[in-house]
Every structure is written in C-alpha cells, then in structure tokens.
Amino acid sequence: MKRTCVRTAGLSIAAMSLLAGVTACQASGDSGSSAGSSSGSKGSSGGSEGARFDPIAALRTAEKSTDGADSAKVESTTTMGSVMSMTADGSLAWGDGLTGRLTITYTGGTMADTMRQMGSDSMEARYLPDAYYARMGDAFAQQSGGKHWIKYAYDDLESLAGSSGAYLKDQMQNTTPNQSVKLLLASGDVRKVGEEKVRGQRTTHYAGTVDVADLAEKNSSLSQSQLDDLKKTLEQAGVTTETVDIWVDDQDLLVKKVEKGETTAGAYSQTAYYSDYGTEVAVEAPPASDTADFTELVKQQSGG
C-alpha cells in the first residue's frame, strides 16, 4: 500500500507541476506576432512612444518585443486554494519550442504535505520541445525501480487526459512569456492602470478580465469537439474568468504579470517576474536509465 501511495503521489505532484510551473511562461497558439519580430531584449522600433498612449497598440508592441527576445529568467509564485502554494525559479527559452529548467518548491497546502512525506519539498523540472521531466525524491525512486525522473511526452497527454491533455499539449508546444499580453489582447478588455515601479524599474501597468473558455477557442489549434470537451472540464473545475495584470518596461518587455481566478479547489493566483531577456538556456534530457515514462507508470498503477 505504501508503495502504491508514494508512486501515486509522485505522479500527481509531477502532473500538477507540469501545469502550474509552466503557466509562468505559457502561451497560446498563433498570434501573428512572432514573424518579423527581431527586437529581442532591445525592445521595439519606431512607433513605441506613440503606442504608449493607446493600450491596445502598446500591448501589441510589448507582445512582439517579448516574443522576439527568445529567453528569460523567470521567478513565480502560485497558489491554488488549500491544494498548494509553490514557487518556481529558473530560466526558459521559446525560440524553437519550449526548453528550460525550473526549481519548483512547494511551500504550503496538501501538495507540500505530500512532498514532505516523500522526503523533499522541492523538485527539478526540465522542459524540452517534446517532453517535460520531473525529478522526484529518493522515496519515489525506491518505489520505481531506482529511477528518479518522470517523463511526460506531450504526444501522450491527449490520449491520457482527453481534451484537457490536448489543450495542455498545444500550450506546451507554443509557449512564450507574453501569454499574459495575448490574454488581454484576446479579451478585448484592456485598460491602462498607470505608471509604476517594479523592482526599481519604471513600468506601465495594464489590466483586464479574460473569459478562459473563450480564450481557448480563439487561441488554440483544438478541434471543435475538443473545445467542447475542454469547456465542460473548465466548467466542472469552476474556471470561468480570470483577472490579468501586466507590467511592461520602457523596452516594451514584460517584467511582471499577475493572474487571479476561482476554481472549485479555491482561489487561484500566480505572480511571475521576468528578467535577463536573451539569457543563454542549456538543458538536456536526464539519463534514460534514471527516467521512468509516465504512461508506463500509469499502466503499472492500473494493473495494466
């Protein structure tokens, strides 16, 4: 029984980390902005001064500049009711699919309690264009043939989780940190809050409210049946709308975002900071001999 509980807990924690960790840098599908954007960390070219007076134009400029930067360091804090609170710290690149490395630490909630029972409150997450890897603790390895890592191949997500998995795969393979900017642009609800300082930087603060299901329809490659199933899943989870606040610096780069909403598990909130755009990001898959495939673990768990 203990063996089963440890393995089940490990699978649940890694899956939750896959979603919560990457939302700090999550993106939607085609926005038409990446092509021709080469501003990178140097910000946008002509017209940005005028754009600052028009929230929509300013956000379009910020979206292009942030997307073109290709990589950044990321710090985020996420809470979800009594289920979890966690921090993520590391660097991510998105120029050619999502790659990067984050250290995820559980600081509260039932997920943190479960992690402590497994002998650790943190885990390493590695993102590659075709899969996500989570390094679990020694207690998990003892129950999984000595293997410390779990591999989640994105192609397996749809078969394992239906429409939700298909949507997550779509998001994971089209990720940039300007998702929050796209959220506001897609919502049609954008307002300029004012000029504020973020960690000593002068920034402009924008805010709005997003219909989550409507956003999925506008900004993903899912079929209509997948979208219908996803909307049902969102409704069952109590996810309808969320508020989005973003802060953009004078180089037209996103430096902070806050997303808040409600779920059946309680209030959801994530705050992320972005810095060092253009930073070098080098990551490789863990050794195959130390990695367990998620689909195989699920089969073992179900007795298949």
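What you are looking at is a predicted structure, and each value in this text was computed from that prediction instead of being measured.

A. Layout of the packing of helix α3 (residues 55–68) against helix α7 (residues 179–187). Relative orientation of the contacting elements α3 and α7 amounts to 145°, with a least axis distance of 9 Å. Where α3 crosses over α7, the two elements pack in a sense that is left-handed. In this structure, α3 contributes Ile56, Leu59, Arg60 and Glu63 to the contact, and α7 contributes Val181, Lys182, Leu184 and Leu185. Taken together, the residues of the contact of α3 with α7 sort by class into 5 nonpolar, no polar and 3 charged.

B. Main features of α7. For α7, the tally of buried residues reaches 7 of 9 residues, placing the bulk of the element in the interior. Among all positions in α7, only Gln179, Ser180, Val181, Lys182, Leu183, Leu184 and Ala186 are buried. Immediately beyond the C-terminal end of α7, within one or two residues, lies glycine 188, with a positive phi of roughly 75°.

C. Just the packing of aromatic side chains, in detail. Evaluated as defined, the whole model comprises 3 aromatic pairs. With 5.1 Å between their ring centres and 45° between their planes, tyrosine 127 and tyrosine 132 make a pair best called tilted. Summarising the burial analysis for this pair, tyrosine 127 and tyrosine 132 share the class buried. Judged by centre distance (4.3 Å) and plane angle (25°), the ring pair of tyrosine 152 and phenylalanine 294 falls under stacked.

D. A look at unusual backbone geometry. Despite not being glycine, arginine 199 shows a phi value in the positive range, around 50°. Counting through the fold element by element, arginine 199 comes out in the loop between β7 (191–198) and β8 (201–211). For aspartate 252, which is not a glycine, the phi torsion comes out positive at approximately 65°. Secondary-structure assignment places aspartate 252 in the loop between β9 (241–249) and β10 (254–263).

E. Layout of the nonpolar core. Counting 49 residues, the largest nonpolar core has Ile104, Tyr106, Met123, Tyr127, Tyr132, Ile246 and Tyr277 as its most contacted members. Formed by 5 residues, the second largest nonpolar core is a distinct cluster that contains Ala131, Tyr133, Trp149 and Val283.

Conventions we followed
Residues numbered from 1 in each chain as written. Predicted model: local features only at pLDDT ≥ 70, side-chain atom pairs only at ≥ 80, totals over all residues. Heavy atoms only, no water. Axes fitted to C-alpha atoms, helices over the stretch in contact; angles between N-to-C directions. Helix = DSSP H or I, 4+ residues; strand = E, 2+ residues; numbered from the N terminus. Left-handed = near helix turned anticlockwise from the far one by under 90°. Contact = heavy atoms within 4.5 Å. Nonpolar A, V, L, I, M, F, W, Y, C, P; charged D, E, K, R; others polar. Buried < 20%, exposed > 50% of the residue type's maximum accessible area, 1.4 Å probe, protein only. Phe/Tyr/Trp six-rings, centres within 6.5 Å; stacked < 30°, edge-to-face > 60°. Core = buried A, V, L, I, M, F, W, Y, C linked by side-chain atoms within 4.5 Å.

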